[in-house]
Amino acid sequence: MKMKVNAGSRSRMPALAFPCEEVPELFKPENSVLELTDGSRISIFKLCYLVRPTDGRSNGDYTEKSALRIAALPGVLLKLSNFFRVKGLKSPTQANYLRFLQNFFDWADLAENEGRFEAVLTDTGLAVAAIEGYNAWQKAMVQVGKLGLNTASAHVKALRTMLSELHEQDYAEETEVLAASNRTKKPTVPAESSDVQHFLSAVAGAFDLCAEIVLKPGYAEEKEWEVVATNGATEQKYLFRRDADGMVALDLACMCFAALAIGDSGTNEAQITRMDYSDEIYEQLADANIVTMRRKEVKFRAGGKEVPVHFTAVVRTRFHTYLALRTRILELFPNDDLEAALFLRLVVAQKTEFASFNAIGCKRVTDLLDTLRGRFNTWFGLPLPKVTLRQLRLHTGNKFTEIAGPKVSAERLGHSLRTAIRNYNNGPQSTRNSELGDFFGSVAKSAVEAARTGDEQVPPDTELVTGACKERGKPQLLTAAPVTVEPDCRKTEGCLFCAQYRVHADEKDMRKLISCNYVMKRLALRSGSANDVEMIYQAIMARVHTLLAELSQRSPDVFEAVKKDVQVNQNLSPYWAARFRQLCLLGVITAPVDSQEGAGA
């Protein structure tokens with residue numbers, strides 16, 4: 001059935017006041033418009049038809065209703081309403097977002113897409129492909145001069161933001177889109193563990209002190225107002241100014257706890273911002289499920305669904321104190337917008353009288369640490385280490401990865417495995433230098449020692465197809481071995497990363513080390529000439545080259561033959577061939593063209 005729309009019929013369509021707190025049961029998105037608070041009207045009915053006018057026009061013929069979108073739009077509008085309110089967006093900005101959504105569907109419903117994205121509003125599996133496809137199309141429009149770079153970037157970023165809200169997943173970490181600066185997105189640069197420990201220690205201490213000042217003013221007056229932060233090796237004393245009043249302390253305590261919760265759990269910022277308050281939180285804290293010896297799982301409600309969060313005792317033991325502070329805030333400044341919010345410091349209040357209180361005011365969760373550092377410097381007189389929210393999450397993610405691997409880490413941090421490997425599986429520079437250097441140092445030592453024995457077989461050793469095992473059946477984890485490969489006597493790769501393993505100067509072991517060198521070189525080249533990359537790999541490559549030089553002296557003919565086979569034919573050892581393919585799929589490395597490298601290994 002065809003619907004014909006003109007200016008007159010559009011003006012007579014039912015209008016839904018937007019943003020809205022609920023959608024009437026009689027609301028029919030296929031013949032309705034949205035009316036914003038400034039009186040502007042958005043033709044939301046356009047999204048309900050697969051064949052319709054495009055290029056920003058509303059007048060014309062509409063056919064082929066989409067039952068999927070008609071059913072999904074009430075829920076979509078509620079989520080977008082909440083997003084607009086939380087962000088404090090004004091009507092013109094809201095209108096831009098909604099028009100950007102319409103523009104996206106003008107592309108998504110093109111014949112060339114064959115209806116693939118009809119269910120993108122509700123099907124999480126389509127989101128990444130939709131963002132990447134729309135980004136590629138916008139890029140093409142820029143290249144032919146039909147769109148400006150900034151305009152195209154704004155369209156794609158708005159789409160990515162809205163789909164992140166609708167699907168409750170941060171697609172900013174999974175997709176690269178056009179940017180005005182035209183800079184390629186890089187993985188999170190890890191902070192040093194000592195800086196993270198210092199930051200969290202200082203924030204926890206500041207929370208404890210400020211909470212006492214607010215909740216136990218008489219007791220706090222008799223104490224020294226100081227915080228001692230430690231990174232495990234050194235200590236730093238922070239003195240809180242005595243002229244600070246209860247409001248300053250309440251403000252700082254709220255910020256400290258929000259930062260501490262993110263840093264301790266690694267929770268996705270989008271999820272923690274939407275966490276709801278309810279009386280069930282007290283029961284959840286009391287009955288938290290044990291995950292590890294240090295962590296327990298607490299379940300919250302966020303965006304209408306249950307979200308498990310893993311806290312250590314650092315946060316769990318302080319949660320009841322924070323809830324008391326939260327109650328104090330709402331007693332002093334009653335506000336309907338904040339009643340359902342758990343982390344008040346991350347919500348923008350709508351009432352103007354509340355704006356005078358600094359405990360609420362971050363327009364974005366990413367502003368939290370900048371604001372916290374500024375307040376900390378003002379009232380304690382010394383700065384906090386400069387770590388970002390993503391660096392805090394990376395630090396926690398690395399700990400999860402060390403214990404249970406990247407898959408579990410991805411689940412606990414609330415993103416995909418691909419994102420965990422590409423952006424949140426990277427240790428601090430000092431740790432990477434130490435661990436990787438130790439690992440290849442151990443390989444070099446084993447190879448040289450085994451090689452010097454010639455063909456002699458030490459009695460306790462057991463022959464293996466790739467070398468020898470010092471004590472079969474008792475695998476030991478090699479220093480700094482990858483967490484995804486455990487020592488296992490039943491697997492070749494398991495033997496490779498075992499402390500019992502020994503490398504011989506034969507064709508198989510030469511192929512392994514030359515293959516390793518082949519892959520490592522391309523990792524460095526892929527990463528460019530950044531200083532940190534060169535520093536990380538310099539010691540490793542020196543160790544590998546020393547070992548290869550030793551092997552080449554023992555069997556020069558075999559060494560040269562294997563070297564040529566690896567470098568020219570890309571005939572790598574099984575382990576490094578698999579790792580090379582994996583890195584290629586992740587986009588971390590680029591498969592080379594067939595070419596003969598220089599004389600060096």
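It should be noted that the structure appears before, not after, this text.
Everything numeric here is computed off the predicted structure, so don't read it as measured data.

(A) View of the packing of helix 4 (residues 124-143) against helix 5 (residues 149-167). Where helix 4 meets helix 5, the axes come as close as 9 Å, and the angle between the chain directions of the two elements is 175°. Taken together, the axes of helix 4 and helix 5 lie roughly antiparallel to each other. Where helix 4 approaches helix 5, its residues Thr 124, Ala 127, Ala 130, Ile 131, Tyr 134, Asn 135, Gln 138 and Val 142 are matched on the opposing element by Leu 149, Ala 152, His 155, Val 156, Leu 159, Arg 160, Leu 163 and His 167. The residue makeup of the contact of helix 4 with helix 5, split by class, is ten nonpolar, five polar and one charged.

(B) Inspection of the pattern of salt bridges at higher detail. Enumeration according to the criterion identifies 15 salt bridges in this entry. Across the pair Asp 61 and Lys 2 runs a salt bridge whose closest N-O atoms are separated by 3.9 Å. Separated by 59 residues along the polypeptide, Asp 61 in strand 6 (residues 60-65) and Lys 2 in the segment before strand 1 (3-5) bring together distant segments of the chain. Residue class for Asp 61 comes out partly exposed when judged on its relative accessible area of 34%. Residue classification places Lys 2 among the exposed positions, given a relative accessible area of 55%. Here Asp 370 and Arg 373 are joined by a salt bridge, their closest N and O atoms 3.3 Å apart. Taken together, the positions of Asp 370 and Arg 373, both in helix 12 (residues 368-380) and three residues apart, correspond to about one turn of that helix. Looking at Arg 373, the relative accessible area reads 17%, which means it is buried.

(C) Structural detail: the sheet that holds strand 6. Reading across the sheet, the three strands line up as 1-6-5 and stay open at both edges, with antiparallel pairing between neighbours. The two strands at the open ends of the sheet, each matched to only one other strand, are strand 1 and strand 5 (49-51). Neighbour to neighbour, the strand axes of the sheet diverge by 50° on average, direction disregarded.

(D) Highlighting the pairing of strand 8 (residues 235-239). Pairing analysis gives five bridges linking strand 7 (residues 226-230) to strand 8, with the strands arranged antiparallel. By the bridge assignment, Val 227 is partnered in strand 8 with Tyr 238. If you look at the hairpin formed by strand 7 and strand 8, you'll find four residues sitting between the two strands, and Gly 232 has a positive phi there, around 95°.

(E) Examining the packing of aromatic side chains more closely. By the definition in use, this model includes 26 aromatic pairs. Ring centres of Phe 83 and Phe 84 lie 5.6 Å apart, and the angle between their planes is 50°; on these two criteria the pair is classed as tilted. There is no split in this pair, since Phe 83 and Phe 84 are both buried. A ring pair is formed by Phe 319 and Tyr 322, whose centres lie 6.4 Å apart and whose planes are at 85°; its orientation type is edge-to-face.

Parameters at a glance
Residues numbered from 1 in each chain as written. Predicted model: local features only at pLDDT ≥ 70, side-chain atom pairs only at ≥ 80, totals over all residues. Heavy atoms only, no water. Axes fitted to C-alpha atoms, helices over the stretch in contact; angles between N-to-C directions. Helix = DSSP H or I, 4+ residues; strand = E, 2+ residues; numbered from the N terminus. Parallel < 35°, antiparallel > 145°, perpendicular 65-115°, else oblique. Contact = heavy atoms within 4.5 Å. Nonpolar A, V, L, I, M, F, W, Y, C, P; charged D, E, K, R; others polar. Salt bridge = Lys/Arg side-chain N within 4 Å of Asp/Glu carboxyl O. Buried < 20%, exposed > 50% of the residue type's maximum accessible area, 1.4 Å probe, protein only. Pairing = 2+ DSSP bridges. Phe/Tyr/Trp six-rings, centres within 6.5 Å; stacked < 30°, edge-to-face > 60°.

Remember that the coordinates give geometry; whether it matters functionally is a separate question.
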